[in-house]
Every structure is written in C-alpha cells, then in structure tokens.
Amino acid sequence: MLNRLTDTLNFQGQALVLRSERQRLLASNIANADTPGYQARDFSFAQALTEATGGGLTRSTLQASQPGHIAAATGVRAEPNLLYATASQTNLDRNNVDMDRERAAFADNSVKYEATLRFINGNVRTMLDAIKGQ
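Within each chain, residue numbers correspond to sequence positions counted from 1 in written order. Side-chain atom pairs in this predicted model are given and counted only at pLDDT of 80 or more, local residue features only at pLDDT of at least 70, and totals for whole chains, interfaces and linings cover all residues. Side-chain figures throughout are based on the complete set of non-hydrogen atoms in the structure, without hydrogens or water.

A.B. asks: Honestly, a nonpolar patch on the surface in this entry has me stumped. Any pointers?
C.D. replies: In this analysis, a patch consists of residues with relative accessible area above 30% that form no salt bridge, clustered at 9 Å for like charges and at 5 Å for the nonpolar side chains Val, Leu, Ile, Met, Phe, Trp and Tyr. Accessible areas in this description were obtained via Shrake-Rupley with a 1.4 Å probe; residue shielding takes into account the shown protein chains only. By salt bridge we mean one thing: a side-chain nitrogen of Lys or Arg within 4 Å of a carboxyl oxygen of Asp or Glu. On the surface, Val124, Leu128 and Ile131 cluster together into a nonpolar patch covering about 280 Å² of accessible area. Checked against the element boundaries, valine 124 lands in helix α3 (residues 99-132). The class of valine 124 is partly exposed, set by a relative accessible area of 34%. Only DSSP runs of H or I reaching four residues or more are called helices, and only runs of E reaching two or more are called strands; each is numbered from the N terminus. Buried residues are those whose accessible area, probed at 1.4 Å on protein chains only, stays under 20% of the maximum for their type, while exposed residues exceed 50% and partly exposed ones sit between those limits.

Take a look at the structure:
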C-alpha cells in the first residue's frame, strides 16, 4: 500500500530533478551565446526520465563482467546523455546557440517545471486529506 503512495511522488520527484537539470543546461546555453566555439547542449527529457525510473536499458548501460567491478551510476543522479544542438545557421565563430530556440525551450521547460510542482503539491494534499479522513 505504501509503495503505491510513494511511487507517484518518486516519479514526480525524479521528473522535477531532471527539469531542474535541463533548466540549468538551457541557461548555460543562453549565457554562452556570445562565446566563440561554444556548442549548445541539451538532452531528451523523455529518454532521461525513462532511464532515471529504470524503464529499460540504454546504450550507455555498463555491464559488470567481474565481481569486483563498480556498478555504474543509475537514477536521477546519473548524467543524462547530453546531445549537441544542430546549427540553424552558420556562424563565423562556430557558436551554434540559437537564442530563439533556447528561449523557447527555456520557457517551455519553466512551464513544465511549474506543472510538475503542482502535481506534487496535489498528490501531497490528497494524501494528507486521506490521512485526516476528509
């Protein structure tokens, strides 16, 4: 019974951590818009959430072939597969940050971060109401 109550909160918590990491990454891209040679980075949120919740093996999953090997990091603390953004236009300084794309992604991620917080708050309120018997 307790597992059912915490599974949703764990999932939303992992989603919140990944949204926060993506926001940091997008902010870094925006901050380096004028840095020569900077390559914008991003990651697939859906893929990272699937990996963080243990929803399948990925290409980056390490296999321990000997008993003494250290296991690879898993969960939300493991770094998601960072991808390089494709350049929408050529620049002389080889910087591929597209400010319009980055701002749109930043705003979209902000809205989704807020929605995740609201889901968590709603789940906690529902659990508290159930505990109180209301």
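A.B. asks: Which parts of the structure should I look at to understand the side chain of asparagine 109?
C.D. replies: Inspection of the secondary structure assignment puts asparagine 109 in helix α3. Classification of asparagine 109 by relative accessible area gives buried; the value is 0%. Any N or O atom pair separated by 3.5 Å or less is treated as a polar contact, with the protein-specific requirement of one donor-capable and one acceptor-capable atom, and with residues adjacent in sequence counted only for side-chain atom pairs. Polar side-chain contacts of asparagine 109 include one of 2.6 Å to the side chain of glutamine 23. In this structure asparagine 109 touches Arg19, Arg22, Gln23 and Leu26, once residues within four positions along its chain are discounted. Contacts were defined at the residue level, with two residues in contact if any of their heavy atoms lie within 4.5 Å.

A.B. asks: Would you mind showing me how to read the pattern of salt bridges here?
C.D. replies: Oppositely charged side chains can pair when the atoms bearing their charge come close. Under the criterion given, the structure shown has five salt bridges. Residues aspartate 108 and lysine 112 are paired through a salt bridge, measuring 3.2 Å at the closest nitrogen-oxygen approach. Of the two residues, aspartate 108 and lysine 112 are both situated in helix α3; the distance of four residues between them amounts to about one turn of the helix. One salt bridge in this structure joins arginine 118 and glutamate 114, with 3.4 Å as the shortest N-O distance. Within this pair, arginine 118 and its partner glutamate 114 are both found in helix α3, separated by four residues, close to a single helical turn.

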